[in-house]
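# Survey of secondary and tertiary structure
Listed below are the residues making up each chain.
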Amino acid sequence: MNRKKLNLILTIACACFAVVAIVLLVFGIIYDGDHTFTKVLMIVAAVLSLALAGELAYLLWFSGSGEKPNYFLYDASSKRNVTVDKLTMPVVNKRMERYFSNYAASEGKLWTDGILENPMLDMDDAFKPLVAYKLLFDLADKDIDKGWKCFELASYETVDFICRGLEMNGETEVAGNLRKMKMVKPFQIKYVRDYLVSNCNYLQTKMLMYVRDNIEKFQ
């Protein structure tokens, strides 16, 4: 069911319950019969109908038309999901930084503290390719010695987690190259740096495209 149809159904239902509530309340107040129970029953039914109308109104106007907040699209100021075509790279970056904060105090610790190699890691599969793109993109975009040192100090298992995330989105070539460079003895960070920096724009584009193409997975 599309959004317009859902809005229409919620609007009609809300109006119907509101009308029923008003009618029952009026009849309950003016009822002058011998059965007090009937009067009470109409008033109670009116209150319940009014409550249902209020709940539907909340879903319609104050809760994004019944939509679940999307991790990347939800706008706190309007309390609605924006359309996917308005999703920008700065928004994706900011939301991913917030996502990372659930697992570590900094991105560096994600590389070096063995967090990503923990078999008990609780991470939704939909986020794994995005985590891989974000970590690699930040290395290339910032291009600082401290960042490259994190890759150097990362365990093979951590790099493999990132590579498996890439492979989940079809990035077999990039994943294979990173595994090979990580295994080279003695390790040469220059090869990793040159490779990722030269693919910085590619990583950024793929990260944004991945979110847009799989936006329904982030409800």
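The rules behind these values
- Residues numbered from 1 in each chain as written.
- Predicted model: local features only at pLDDT ≥ 70, side-chain atom pairs only at ≥ 80, totals over all residues.
- Heavy atoms only, no water.
- Phe/Tyr/Trp six-rings, centres within 6.5 Å; stacked < 30°, edge-to-face > 60°.
- Buried < 20%, exposed > 50% of the residue type's maximum accessible area, 1.4 Å probe, protein only.
- Core = buried A, V, L, I, M, F, W, Y, C linked by side-chain atoms within 4.5 Å.
- Helix = DSSP H or I, 4+ residues; strand = E, 2+ residues; numbered from the N terminus.
- Contact = heavy atoms within 4.5 Å.
- Expected span 1.5 Å × (residues − 1).

## Quick notes on the packing of aromatic side chains
- Enumeration over the complete set of coordinates arrives at 11 aromatic pairs.
- Taken together, a centroid distance of 5.1 Å and an interplanar angle of 80° make the contact between Tyr71 and Phe72 edge-to-face.
- Among the residues examined, Phe72 registers a relative accessible area of 1% and is labelled buried.
- Ring geometry for Phe72 against Phe218: centres 4.9 Å apart, planes inclined by 90°, an arrangement best described as edge-to-face.

## Side note on the nonpolar core
- Counting residues in each nonpolar core, the largest one holds 49 residues, and the members touching the most others are Phe72, Met96, Trp111, Leu130, Leu178 and Leu196.
- Among the elements of the structure, helix H3 (89-100), helix H4 (107-112), helix H5 (128-142), helix H6 (145-153), helix H7 (156-167), helix H8 (172-183), helix H9 (189-198) and helix H10 (200-213) are those that each provide at least two residues to this core.
- Of all the elements, H5 adds the most residues to this core, at 9 residues.
- Beyond its immediate sequence surroundings of up to four residues, Leu196 is in contact with Leu136, Leu139, Ala140, Trp148, Leu178 and Leu203.

## Regarding the side chain of Asp138
- Inspection of the secondary structure assignment puts Asp138 in helix H5.
- On the accessibility criterion, Asp138 (7% relative accessible area) is buried.
- Filtering out sequence-adjacent residues up to four positions away, Asp138 remains in contact with Asn93, Glu107 and Asp143.

## Points about H5
- Taking 1.5 Å per residue as the helical rise, H5 with its 15 residues ought to reach 21 Å, and the 21 Å between its terminal C-alpha atoms agrees with that figure.
- The buried count for H5 comes to 12 of 15 residues, which makes it a mostly enclosed element.
- Along H5, the positions that sit buried rather than exposed are Pro129, Leu130, Val131, Ala132, Tyr133, Lys134, Leu135, Leu136, Phe137, Asp138, Leu139 and Ala140.
- Where H5 ends, the next residue or the one after it, Asp143, has phi of about 50°, a positive value.

## Focus on unusual backbone geometry
- The omega torsion of the bond from Lys185 to Pro186 falls at -10°, within 30 degrees of zero and hence cis.
- Looking at the element boundaries, Pro186 is found in the loop between H8 and H9.
- One non-glycine residue, Lys79, adopts positive backbone phi at about 55°.
- Using a relative accessible area of 49% as the deciding quantity, one classes Lys79 as partly exposed.
- Despite not being glycine, Asp143 shows a phi value in the positive range, around 50°.
- Relative to the elements of secondary structure, Asp143 occurs in the loop between H5 and H6.

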